[in-house]
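# Coordinates in review
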Amino acid sequence: MTTLNAEPDTPVPVGIEKNRVRGGPPRSEILRRDKWWAQPLAIFSGLLAFIVYATWAALRNGHFYAGNVGRDYLSPFYSPCLTNSCTSNGYVWGGWTWWRLSPAIPILIFPLSFRLSCYYYRKSYYRSFWLSPPSCAVPDAGSTKAKSPRNKYSGETKFPLIFQNIHRYTWYFAVIFAGILTFDAVAAFRFHNGIGMGLGTLIFVVNALLIWAYTLGCHSCRHLCGGGLRTFSSANSRHFIWKNFVSKLNEHHQLFAWLSLFWIAFADFYTWLVATGAIHDPRFF
Amino acid sequence: MSVENTQPQVGDDTQQKQVTLKIWRGDASGGKFVDYTLDYLDGEVVLDAVHRVQSEQAPDLGVRWNCKAGKCGSCSSEINGKPSLMCMTRMSTLDLEEPITVSPMRTFPIIKDLVTDVSFNFEVAKKIPALQPKPREKDGTYRMSQIDIDRGQEFRKCIECFLCQNVCHVIRDHEENKPNFAGPRFLMRIAELEMHPLDTLDRRRYAFDVMGVGYCNITKCCTEVCPEHIHITDNAIIPLKERVVDVRFDPVAWLGRTILRRPKPTSSEEVIKLTPAGRSANTPS
Ligand code: SF4
Ligand code: SF4
Ligand code: FES
Ligand code: FES
């Protein structure tokens, strides 16, 4: 079955010469004159800001549901509601009364593993956190020093990075979570005296849309929906979905990765503001 | 206006602008940047300026080129540290106030000055067994639908400039990976064959075991430098990685194949038999 050993034990079929003298100055001399560090720095800061916010939001374990002020808004960090703390509208999911830690922790494992193994986020953190490479034609961190432990590079062929290959399994769960967040968006229309819509409702609808745009633009989804076929002519509907839908979203995967990331934090923050009574959620109808 | 008046005068508005090219000069025994100052002429590309250096100041300057139209892929180099085609980089797009560095591709062995030995790429190409077409149809022809060859056509735009191979940090920063990693241009070639409607060979395990697709960490520098704007990472390498997951890392796909008695993925050893080395090993001497 599947072996997780990437070392090519098979012979190399054509000999490849190594270690001949290269041209140009040594690689440690970066010749790029543009601001090649600006993008990795911006991405580093953006991801770090999210990590800091998400840690606070996940450990907060309070004010993640705005039922106390008559709004059925549940923070996406705490959805589905595992404990009995979202009951004011009969919005009970879990009943995990035995759970002592923040209910965000078991929930966030799923979106976290999805985003960590996402091809786009992989690119961004390999570049901006791991500096491998920080930017194009800029050497990998440590690769110019003979003694550095970072001198060897095996990419995604060995433990632990070989586990990036499970991305499609995290995607299956991500689809379930996108469904749950869609339910939350619908639930946000539910007011104590019937159907209504507040600013929060709008935020939750946008949240669900962005999550779907990100989830369905996934490269694994693109493969599973049809991209993995050798020929399309015998699978017309899969080709249609692949070409007109998933590939279109996939082209903007980076954009949706950032928008949905930002919006999820924003939706949580808004719920917190409303639930703590810091602001009053304006109702449109 | 008389002819004399067109000559640039000191302090004149029309004074001839000068530019400095810092060109790498040297061979396997060593080298350095040498400054050449010359007139700036409107509309020139870097290759034109390098040619003027060659004809006016340094007749022994080594530079490879053929088409001057971005189609032969000969003039690959690094301009201000960015892997680029000399013939497709307009002087007017560069900062002319500072010297412009022109250096050879820094991943391949030097021959002389701007000329490198790119035979690594030809050796890698030999490792990829050619198309193994299915039998002809009854009337002696092959038929393919347009939707089946659309994907591969993007990859056929490749001009084999090897800028992607040059920028890829897997071999640029880690020389020892050269025997185990095919590089983006050739991973794209395997992806193209895997998407080819007539091909019958399964190179998926081979792509991982021998061609090293797992080394790629999808940081997309190949895509960034490709002068043909091929989406190498998104449309070739990631789809190839997903195909590898099908045969190597997805237990459910394995179970499906076993239950439905689908053919086993072809082993790397079988594929090697179709390469020159494999063939010569099998020919009785
Ligand atoms: S995306 Fe992969 S193949 Fe392309 S340059 Fe980066 S590591 Fe190399
Ligand atoms: S894929 Fe693009 S960068 Fe790579 S060799 Fe072909 S044309 Fe050049
Ligand atoms: S590739 Fe980004 S979510 Fe799958
Ligand atoms: S000279 Fe042919 S691509 Fe530049």
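Okay, so let's go over this structure. (Residues numbered from 1 in each chain as written. Chains lettered and ligands numbered in written order. Predicted model: local features only at pLDDT ≥ 70, side-chain atom pairs only at ≥ 80, totals over all residues. Heavy atoms only, no water.)

### Comments concerning the site of ligand 2
All names here are of chain B. Taken together, Cys 158, Ile 159, Glu 160, Cys 161, Phe 162, Cys 164, Arg 185, Met 188, Cys 226, Pro 227 and Ile 232 make up the full set of residues near ligand 2. The cavity that encloses ligand 2 is the second largest cavity. Tallied by class, residues from the shell around ligand 2 come to 9 nonpolar, no polar and 2 charged. (Near = heavy atom within 4 Å. 1 Å grid on protein atoms, 1.4 Å probe; cavity = no way out; pocket = protein on both sides within 12 Å on 5 of 7 lines; lining within 4 Å. Sits in = over half its atoms within 2 Å of the grid points. Nonpolar A, V, L, I, M, F, W, Y, C, P; charged D, E, K, R; others polar.)

### Some remarks on the site of ligand 1
Residue and element names in this part refer to chain B. Around ligand 1 lies a shell of 13 residues, among which Cys 168, Cys 216, Thr 219, Lys 220 and Cys 222 are the nearest. The site holding ligand 1 turns out to be the largest cavity. Looking at the shell around ligand 1, the elements with two or more residues in it are α5 (169-172), α8 (221-225) and α9 (232-248). Classifying every residue of the shell around ligand 1 gives 8 nonpolar, 4 polar and 1 charged. (Helix = DSSP H or I, 4+ residues; strand = E, 2+ residues; numbered from the N terminus.)

### Focus on empty space enclosed by the protein
Residues and elements named next belong to chain B. If you walk through the whole model with that rule in mind, you get 4 cavities of 30 Å³ or more. Forming the walls of the largest cavity are 15 residues, and the residues nearest its centre are Cys 168, His 169, Cys 216, Thr 219 and Cys 222. Every element with two or more residues in the lining of the largest cavity is listed here: α5, α6 (184-194) and α8. Here the lining of the largest cavity is composed, by residue class, of 11 nonpolar, 3 polar and 1 charged. By volume, the second largest cavity amounts to about 90 Å³. Lining of the second largest cavity is provided by 15 residues; of these, Cys 158, Cys 161, Cys 164, Cys 226 and Pro 227 occupy positions nearest its centre. Among the secondary structure elements, those contributing two or more residues to the lining of the second largest cavity are α4 (163-167) and α6. (Points joined across faces, edges and corners; volume = space filled by probe spheres on them.)

Worth remembering: the numbers are spatial, not functional.
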